[in-house]
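An overview of the molecular structure
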Amino acid sequence: MPHISPHIAQLHILHLEDSLPDHALLVREFQKSATPVQIERVERLDQFADALVRTDFDVVLADYRLAGFTALDAWQVMRDRKIRLPFVLLSGAIGESLAVQAIQAGISDYLPKQDLHKVRSVTQRAIESHRILIAKERADTELAQSEQQLARFAEHLQTTIEQERGAIAREIHDDVGGALAAIRFDLAWLARHTGDTQTLQHIGAATEMLQQAIEAAQRIMMNLRPAILDQGLVAAIQWLQANFSRRCGVRATLDAQLVMEALPKNVELTVFRTAQEALTNISKHAKCSAVDIRLSSDSNYLTLEISDNGQGMTHATPSQQGGFGLKGLQERAKTVGGWIDISSIPNAGTAITLTIPLAQEAQSAP
Ligand SMILES: Nc1ncnc2c1ncn2[C@@H]1O[C@H](COP(=O)(O)OP(=O)(O)OP(=O)(O)O)[C@@H](O)[C@H]1O
Ligand SMILES: [Mg+2]
C-alpha cells in the first residue's frame, strides 16, 4: 500500500465541487486518514484560480461537471499558470471515453463517485506518481544541462589545446629551429675552413645528427600544428600515413576519394586529429601488421575509417580503460556534428570510423 509521501506532515487538498453533500462525503472519507488532512472547497473557476495562487496544495480533487465549466477548464487554468499539481477527477457523470481523454490531457487519475471509498488510496497514488514524474523531469533537465556543459567544455578544451599546440610549435620553430639553422651555418663554415680529415669527419657526423634533429623538430611541429593541412586534407593524411609506416614499420594503405575540394577548417582538423589518435593507438595497442585508411565523401557525409588487423580491444568497452584518446575524439566529433563508431573483434582487429555530415555543416556555415 503506497504511503502519502513521508515529507507531507499535513495533506492539503483543494476540492473543486459545487455539491455540499458530495463535499461532506469526501471530508468524511479523509477523516479516516492517519495523516492530518485539510480540505478547501471551491466551486467557481475564479475561486479555484485564487486558491491555487494563495495556498500550496498537495493535490486537486475535482468534480467533472460544474456550473458553466468542467474540470478540464480548471485543468487548463492550472496549466496556463504553470502550476503543477496532481489532479484527480471525481465524478459520476462522465463516461469512460471522457475519462480517457482527461487522462491523456495529463490529468493524474479518475475515480467514479460511487467508488469514493477508494479516494484516499487514489489520492496517495496520484501524489506519488506526480512526485516521481517531477523528479524524473528534473533529473532529465539536469542531465541535459550537464551534457550540454560537458560538450561546451570539451569544445573549449579542444580550442585551448589547439592554441597551445600552435604556440609550442611557434616556439620550436623560432627558438629551436633558429638555433639549429645557426649551427648548420657554423658547421658549414668550419667545413670550408679546415683541411684536417679527422675534423672534417667529425663535422660530417655532426651535420648528419643535426639533419636528424632538424627533421625531428619539423615532425614535432607538424604534429603540433599541422601546417600540412594547408596543402589539403588528403596531403595531411598521406603525411600521417607515411610517418606512421616509417616509424612503426607497419604497412599502411590510404584510399582517399573526396568529392569536396575545400572543407571547413574545423572539419579538416577533426579528421586530422582523429587519424592521428587512431594511428597512435594502433602503434601503442594493436600489435598489427597492416593498417587501412579510407577517406571518402559524397555531398552529404565525410567518412574516415582506420582499421588494423591487430589483437582487437581487450576490454569490453574502451571506456573501461583509463585512456582519454577515444573519449576526446567522440567529443571532438560532436563539435562538428559528427560521431565516432568503434568496432573491434578479438584477434581480428579494430576499426574506428568518423562520420561528419557535410550538408549540415554547409547549412550552419555563415
Ligand atoms: N587499435 C587498437 N587496437 C587494440 N586496442 C585498442 C586500439 N585502440 C584503442 N584500443 C584500446 O582502447 C583503449 C582506449 O583507447 P584511448 O585512446 O581512449 O586510450 P589510451 O590510448 O590508452 O590513452 P590516451 O589516448 O589517453 O593516451 C586503449 O587503452 C586500448 O586498450
Ligand atoms: Mg589513445
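Predicted model only: the values in this text are computed from it and were never measured. Numbering of residues begins from 1 in every chain and follows the order in which that chain's sequence is written. The lettering of chains begins at A and the numbering of ligands begins at 1, in the order of writing. A pLDDT threshold of at least 70 governs which residues receive local features in this predicted model, and a stricter bar of 80 or more applies before side-chain atom pairs are shown or counted, although totals over entire chains, interfaces and linings include all residues.

Some words on the sheet that holds strand β9 (residues 290-297)
Taken in spatial order, the five strands of this open sheet run β8-β9-β10-β12-β11, and their pairing is mixed. Lying at the two open borders of the sheet, with one neighbouring strand each, are β8 (251-257) and β11 (339-345). Here the average twist between neighbouring strands, direction ignored, is 10°. Bridging between β8 and β9 involves seven bridges; their strand directions are parallel. If DSSP finds at least two bridges between two strands, the strands pair. Helix numbering and strand numbering both begin at the N terminus, where a helix is a DSSP run of H or I of at least 4 residues and a strand a DSSP run of E of at least 2. Interaxial angle, 0 to 180 degrees, is taken between N-to-C directions of lines fitted to C-alpha atoms, where a helix line uses only the stretch in contact.

Thoughts on the domain arrangement of the protein
Reports often express the size of an interface as the amount of accessible area lost when the parts come together. Residue ranges for the domains trace back to a domain assignment, done automatically or taken from a database. Each assigned domain of the protein is listed here: domain 1 (11-139) and domain 2 (230-366). For domain 1 versus domain 2, the distance between C-alpha centres works out to 58 Å.

Notes on the nonpolar core
Soluble globular proteins: nonpolar side chains tend toward being buried together. Any nonpolar core is a set of buried residues, restricted to Ala, Val, Leu, Ile, Met, Phe, Trp, Tyr and Cys, that join up through C-beta atoms within 7 Å. Note on burial: count the other C-beta atoms lying within 10 Å of the residue's C-beta; 20 or more is buried, 12 or fewer is exposed, in between is partly exposed, and C-beta positions come from the backbone. Counting residues in hydrophobic clusters, the biggest one holds 32 residues, and the most contacted among them are I237, V271, A275, L279, V291, I293 and I306. Listing elements by their share of this core, those giving two or more residues are α7 (233-248), α8 (265-286), β9, β10 (301-308), α9 (325-335) and β12 (349-357). For this core, the element with the highest residue contribution is α8, accounting for nine residues. With residues near it in sequence (within four places) discarded, L279 still touches L240, F244 and I306. V60, L89, V119 and I127 belong to the second-largest nonpolar core, a separate cluster that totals 29 residues. In this description, any two residues whose backbone-derived C-beta atoms lie within 7 Å of each other are considered to be in contact.

Structural notes on the pairing of strand β1 (residues 11-16)
With respect to burial, β1 is a largely interior element, five of its six residues being buried. Taken together, the six bridges between β1 and strand β2 (residues 37-42) define a ladder with parallel strand orientation. The partner of I13 across the bridge, within β2, is I39. As for the winding sense of the linkage, the β-α-β connection from β1 through helix α1 (residues 20-31) to β2 is right-handed. Pairing of β1 with strand β3 (residues 59-63), which is carried by four bridges, proceeds in the parallel orientation. Looking at β3, one finds that L14 is bridged to V60. The path from the first strand over the helix to the second decides the hand: if it runs clockwise while the strands point away from the viewer, the crossover is right-handed.

Some points on the pairing of β12
Bridge count between β10 and β12: seven bridges; the pairing is antiparallel. From the neighbouring strand, L304 faces β12, where its bridge partner is L354. Relative to β12, β11 runs antiparallel, the two sharing seven bridges. Note on β12: the bridge partner recorded for I342 is I352. Connecting β11 to the antiparallel partner β12 that follows it, the hairpin turn spans three residues, and N347 within it adopts a positive phi of roughly 65°.

Focus on the site of ligand 1
In this entry, near means the residue's backbone-placed C-beta atom lies within 6 Å of the molecule or strand. Neighbouring ligand 1 are 20 residues, the closest being N281, H285, G323, G325 and L326. For the shell around ligand 1, the leading source of residues is α8, giving five residues.

Looking at the environment of L20
Along the chain, L20 falls in helix α1. With 23 residues separating them along the chain, L20 and E43 place their C-alpha atoms 9.9 Å apart.

Remarks on the packing of α8 against α9
Packed helices, taken two at a time, are described by the angle their axes make and the gap between the axes. At a minimum axis separation of 10 Å, α8 and α9 run at an interaxial angle of 165°. By the angle between their axes, α8 is roughly antiparallel relative to α9. Between α8 and α9 lies a crossing of left-handed hand. On α9, the residues that touch T270, R273, T274, E277 and N281 of α8 are G325, L329, R332 and A333. The nonpolar class holds Ala, Val, Leu, Ile, Met, Phe, Trp, Tyr, Cys and Pro. Asp, Glu, Lys and Arg form the charged class, and all remaining residues, Gly among them, are polar. For the contact of α8 with α9, the per-class residue count stands at two nonpolar, four polar and three charged. Orientation is classified from the angle alone, with under 35 degrees giving roughly parallel, over 145 giving roughly antiparallel, 65 to 115 giving roughly perpendicular, and any other angle giving oblique. Each crossing is labelled by how the near helix is turned from the far one, with a counterclockwise turn of less than a right angle marking it left-handed and a clockwise turn marking it right-handed.

Comments concerning α7
Each helix should span, by expectation, one fewer than its residue count multiplied by 1.5 Å. For α7, spanning 16 residues, the distance from its first C-alpha to its last is 22 Å, which sits close to the expected 22 Å at 1.5 Å a residue. Along α7, the residues that are buried comprise L233, A236, I237, L240 and F244. Projection of α7 onto a plane perpendicular to its axis shows the buried side chains occupying an angular sector of 95°, all on one side. Summarising the geometry of α7, the exposed residues directed more than 90 degrees from the buried face are A242 and R246. Buried residues belonging to α7 abut β8, α8 and β9. Directly after α7, the chain includes G249, whose backbone phi takes a positive value near 65°. Each direction from the helix axis to a C-beta atom contributes to the arc, which is the arc of those directions.

Details of the confidence of the model for the protein
When pLDDT is averaged along the protein, the result is 89; 93% of the residues meet or exceed 70. As a per-residue quantity, pLDDT reports the predictor's confidence and falls between 0 and 100. In the predicted structure, residues 361-366 sits below a pLDDT of 50 and forms five contacts with residues beyond four places in sequence or in another chain.

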